[in-house]
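Structural features, examined
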Amino acid sequence: MNKLFITLFVLQDTLLDKAKARRESGQGTLEYVAMVAVACIIIAAVVAILKPAGATLGTLVSTAIQKVTSI
C-alpha cells in the first residue's frame, strides 16, 4: 500500500513540474518584446524632443554622420 502512495506522489510531482514548465515557456519572449517596445518609445520621445523645428530626421542623421567623420 505504501508503495502505491509513493508511486502516486512521484507521478503527481512529475506532472505538476511538467505543467509548470509549460505555463512559463513563452514568458521570456513576451518580456523581450516589451523591452523592445519600451526602447522604441524612449527613442521616439528623445528624437521628438531634440529635433529642431523644421529639421527632418534625414538631415539630423547626415549632420551627425558628418560630425563623426570630421573628428
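Quick caveat: nothing in here was measured; it's all calculated off a predicted structure.

**Points about the overall build of the chain**
- If you tally the helices and strands in the chain, you get three helices and zero strands.
- Its helices and strands taken in sequence order, the chain reads α-α-α from the N to the C terminus.
- In the chain, buried positions account for 1% of the 71 residues.
- Only carbon and sulfur atoms are counted for the fraction: they give 72% of the accessible area of the chain, which is about 6600 Å².

**Looking at the confidence of the model for the chain**
- Mean pLDDT over the chain: 78, with 72% of residues reaching 70 or higher.
- Averaged pLDDT values over the elements of the chain bottom out at 69 in helix H1 (residues 2-23) and peak at 87 in helix H3 (residues 57-70).

**A word on a nonpolar patch on the surface**
- A cluster of nonpolar residues, Val38, Ile42, Val46, Ile49 and Leu50, forms a patch on the protein surface that exposes about 510 Å² of accessible area.
- Residue classification places Ile49 among the exposed residues on the basis of a relative accessible area of 70%.

The rules we used
Residues numbered from 1 in each chain as written. Predicted model: local features only at pLDDT ≥ 70, side-chain atom pairs only at ≥ 80, totals over all residues. Heavy atoms only, no water. Helix = DSSP H or I, 4+ residues; strand = E, 2+ residues; numbered from the N terminus. Buried < 20%, exposed > 50% of the residue type's maximum accessible area, 1.4 Å probe, protein only. Areas by Shrake-Rupley, 256 points an atom, 1.4 Å probe, with all protein chains shown as cover. pLDDT = per-residue confidence, 0-100. Patch = residues over 30% accessible without salt bridge, like charges linked within 9 Å, V, L, I, M, F, W, Y side chains within 5 Å. Salt bridge = Lys/Arg side-chain N within 4 Å of Asp/Glu carboxyl O.

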